[in-house]
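Observations on the three-dimensional arrangement
Listed here are the chains, written in short residue letters.
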Amino acid sequence: MRSTTPRAALRRAAGGFAAAGLMAAGSLGLTAPAQAAAPEFTLGGPAETALHPYPATGAPQKASLDFTVNNPSEDEENGAFQGEYTVRFDLSGIEGVADVSFDNEGGADCTTTGTSAVCHDWGIFPGLSTLAELDITAAKGSEDGDTGAIEVTAEADGATFTSFTARVGIGGPDLSMERLPFKTELKPGDAQPVPVTFTNNGTRAADGVLLTLRYTRGMEFTERYQNCEYSESDLGMGSPGVWTTALCSFDGSYEPGVTYTLAEPPAIRATKRAFYDSFLYRIEEDGSTARAAQRAGARYSPGKGGATLALRKAPEGLTADLDPSDNQQDVDFRTSNSADFVAYGDRAKGAAGDSVEVKVGFRNRGPAWIGYIRSGEDVATVDVTVPEGATVVAKPGTCRGVTADGEYREDQTAAPRYFCSTPMSVREDADFALPFELKIVKKVEGASGKVVVRNTHLAEPKLPFDPEPANNTASLVLNADDSGSGDSGATTGDGDSASGGSAATGGSAGGSGDSGGSASGSSEGTTGSPSTGTTGGGSGGGLAATGSVALTTGAAALAALVAGGVLYTVSRRRAAR
């Protein structure tokens, strides 16, 4: 008898209502519209899973397998598959090797009969979704080295699916990374060794290992190595080049029960731009799957010159991994440093009825970069007060209108004040340029607004890392008297004119949302000034630095970044889960 969850009942009801609606709509039409091509979905999951051997006493140790389906549509609103589908699991390949059970809590309805299982579900949303979750253990009587496979297929009216095979084995290497005793309170220039040490706690040797070293912008290794390849990327932090990743490969056999360490530990150093930084170090058996997971689509370049990083057995005896959760360690560093955020305004002229473009924002004079890696919070807020006699007709998508007192405002048109959010990181060379279009409703000579770069909390405006609060404010002036009687405060903190064309030094960024929103930009390596959005929250504005800016994720994604398993993956889970 098939089990039924409340969630599944609601899905079936929704599917029935949807079908009824389609039938009713179809009965009203004289001709049927042309049918679109059937969508194609891809089944997936862990390609290989190693299980702890069945114990002599006690219960076997469980592993979890999440099987997924990928809907390639990029249309978040209309790209979902609205229909029921069936997933079939052929378990005959693991008979005598492993035992499985399905987790039906909140997911698909699954039943197992002999060596096959069938799951029913409704609706496939764009992106990656979970099909079913399996608990799997070694079967009684199985032996170290036994292998098998689970074959997964699916079917639905009006859709096609690619099949998937998950291989399962008993025993294997189990690489466990030792946590290192780093000094975490630093000064720029401080360096300390990184004696990476790991143990193979598994039942078989690892055929080569891959060491991943990933560190943020304020840290660096004192040299690069021939057997490592390197890449720089933002990894969702909102600024290019925030993370550096080194993938270092080591040939050879790494035996069970043996501890290994680096023969000559490299040194990691806090640079002059260090402030809040993280360092992650991970070990796993080398192979194409591990390399693809750690590369995550980024381009890598080989290390040039220098020595070869080598491993050796520790003096005190200190295929798939049996326990991937202990392959990785990470540490946060706090360096005694500061960053000087300098606000700049702008000035423009026009008659009543004219629209003028202005560009305001701030530059980071450094020396530190600022990144809130763990929390994913915005670094700062740019607080813009509109000059008298003018209204905003276009704004960056990262800005939201508020009342003159900074309170919530439902109507986003013609607000007297705007709060503009930054990404979760600001480089030491960043120029955060925000383009606005203002309409002069009434010409007021020397009308002056204000641009303030401040903390995200209005009640506590001081930036905790900025020792120069005096240059956090600039003026936005309309129709100033050129004789000098008007407000001339609309200059950058460097004393340069902040005319609309000079504010940006790099790529543009924009996005939608409020102070907690995200910014997205053009492809890395391009330059140009930020584009203007609409008063309804159009695109434009953002962090113009060396290359582009893309804030693709927040604190949840960064939690995945520093967790075990794949370092940085974004998998879409159903909202109801």
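Criteria and cut-off values
Residues numbered from 1 in each chain as written. Predicted model: local features only at pLDDT ≥ 70, side-chain atom pairs only at ≥ 80, totals over all residues. Heavy atoms only, no water. Helix = DSSP H or I, 4+ residues; strand = E, 2+ residues; numbered from the N terminus. Buried < 20%, exposed > 50% of the residue type's maximum accessible area, 1.4 Å probe, protein only. Areas by Shrake-Rupley, 256 points an atom, 1.4 Å probe, with all protein chains shown as cover. Polar contact = N/O pair within 3.5 Å; in protein donor to acceptor, adjacent residues only side chain to side chain. Disulfide = S-S within 2.5 Å. Pairing = 2+ DSSP bridges. Axes fitted to C-alpha atoms, helices over the stretch in contact; angles between N-to-C directions. Contact = heavy atoms within 4.5 Å. Salt bridge = Lys/Arg side-chain N within 4 Å of Asp/Glu carboxyl O. Phe/Tyr/Trp six-rings, centres within 6.5 Å; stacked < 30°, edge-to-face > 60°. Lys NZ or Arg CZ within 6 Å of the ring centre and 35° of its normal. Core = buried A, V, L, I, M, F, W, Y, C linked by side-chain atoms within 4.5 Å.

**Examining the overall build of the protein**
Regarding its fold elements, the protein presents three helices and 40 strands. Within the protein, the proportion of its 577 residues that are buried is 50%. When the accessible surface of the protein is summed, it comes to about 25600 Å², and 50% of that surface belongs to carbon and sulfur atoms.

**Looking at the environment of R374**
Structurally, R374 can be placed in the loop between β29 (370-371) and β30 (381-385). Within the local environment of R374, its side chain forms a polar contact with the side chain of D330, the two groups lying 2.6 Å apart. Here D332 takes part through its side chain, which lies 2.9 Å from a polar atom of the side chain of R374.

**Some thoughts on the state of the cysteines**
Under the counting rule described, the total for this entry stands at three disulfides. One disulfide in the model links C110 with C119; its S-S distance is 2.1 Å. The disulfide joining C110 to C119 has a torsion of about 115° about its S-S bond and is therefore right-handed. The burial state of C110 is the same as that of C119; both residues are buried. Shown here is the disulfide that connects C399 with C420, its sulfur atoms set 2.0 Å apart. When the S-S torsion is 110°, as for the bridge of C399 with C420, the disulfide is right-handed. Residue C399 is located in strand β32 (residues 399-402), and its partner C420 is located in strand β33 (residues 417-421); the two are separated by 21 residues in the primary sequence. You'll find C399 and C420 in the same group, each marked buried. Cysteine pairing for the protein (bonded cysteines numbered in sequence order): 1-2, 3-4, 5-6.

**Here's the deal with the sheet that holds strand β19 (residues 243-254)**
Spatial ordering of the open sheet is given by β13-β25-β22-β16-β19-β18-β23, a layout of seven strands whose pairing is mixed. The sheet is open, and its two borders are formed by β13 (185-186) and β23 (301-302), each paired with just one other strand. Note that strand β16 (residues 206-216) and β19 share 10 bridges and pair antiparallel. Following the sheet pairing, Y215 is matched in β19 by T244.

**Re the sheet that holds strand β4 (residues 81-90)**
Spatial strand order, β2-β11-β9-β4-β7-β6: six strands in an open sheet with mixed pairing. The strands lining the two open edges of the sheet, one partner per strand, are β2 (48-51) and β6 (109-113). Between one strand axis and the next, the sheet turns through 20° on average, direction left out of account. Sheet analysis places strand β9 (residues 147-155) next to strand β11 (residues 164-170), joined by six bridges and oriented antiparallel. Across the sheet, residue T147 finds its bridge partner in β11, namely G169.

**Quick notes on the side chain of N71**
Turning to its location among the elements, N71 is positioned in strand β3 (residues 63-71). Note on N71: relative accessible area 4%, which makes it buried. A polar contact is formed between the side chain of N71 and the backbone nitrogen of S73, at a distance of 3.0 Å. A distance of 3.0 Å separates a polar atom in the side chain of N71 from the backbone oxygen of I124. Excluding residues that lie within four positions of it along the chain, N71 makes contacts with F41, G79, A80, F81, I124, F125, P126 and G127.

**Focus: the environment of D174**
Its location among the elements puts D174 in the loop between β11 and β12 (175-177). We classify D174 as buried; its relative accessible area is 6%. Residues D174 and E285 lie 111 residues apart in sequence; the distance between their C-alpha atoms is 8.9 Å.

**Description of the pattern of salt bridges**
Pairing between side chains of opposite charge can happen when the charged atoms of each approach one another. This model, assessed by the stated rule, comprises 14 salt bridges. The partner of R88 in a salt bridge is E155, and the shortest N-O contact between them spans 3.1 Å. Linking R88 in strand β4 with E155 in strand β9, this pair joins segments that are 67 residues apart in sequence. K183 is paired through a salt bridge with D190; the nearest N and O atoms lie 3.9 Å apart. The network of salt bridges with shared partners includes K183, K187 and D190.

**Structural notes on the packing of aromatic side chains**
Each aromatic ring pair is summarised here by two numbers: the centre-to-centre distance and the angle between the ring planes. Here the structure, examined in full by the defined rule, presents 22 aromatic pairs. Pairwise contacts between aromatic rings join F275, Y276, F341, F362, Y372, F432 and F465 into one cluster. In this structure, R224 is placed above the aromatic ring of Y230, and the distance from its NZ or CZ to the ring centre is 4.2 Å.

**Looking at the nonpolar core**
Among the nonpolar cores identified, the biggest contains 37 residues, and F341, I370, F436, L438 and F465 are the most heavily contacted of them. Listed by contribution, the elements that provide at least two residues to this core are β26 (339-344), β28 (355-367), β30, β31 (390-394), β33, β35 (431-440), β36 (447-454) and β37 (473-478). Broken down by element, the residue count for this core peaks at five residues, all from β35. Dropping the residues within four chain positions of it, L438 is found in contact with D354, S355, V356, V358, P387, A390, T391, V392, V393, L476 and L478.

**A few points about unusual backbone geometry**
Most of the time, phi is negative for any residue but glycine, and the peptide bond is trans. Geometrically, the link from G366 to P367 is a cis peptide bond, its omega value of 10° lying close to zero. Mapped onto the fold, P367 is located in strand β28. One non-glycine residue, N479, lies in the positive phi region at around 55°. Among the structural elements, N479 can be located in the loop between β37 and β38 (509-510).

**Brief notes about the environment of E437**
Residue position: E437 is located in strand β35. A relative accessible area of 25% places E437 in the partly exposed class. Placed 46 residues apart in sequence, E437 and T391 show a C-alpha to C-alpha distance of 8.6 Å.

**A short note on the pairing of β3**
Relative to β3, strand β1 (residues 40-44) runs antiparallel, the two being bridged by three bridges. Across the sheet, T42 pairs through a bridge with N70, a residue of β3. Here β3 pairs with strand β8 (residues 127-138) via nine bridges, running antiparallel. By the bridge assignment for β8, N70 is matched with L128.

**Let's talk about the pairing of β1**
Two elements, β1 and strand β10 (residues 160-162), share three bridges in a ladder whose sense is parallel. Across the sheet, the residue bridging to E40 is T160, located in β10.

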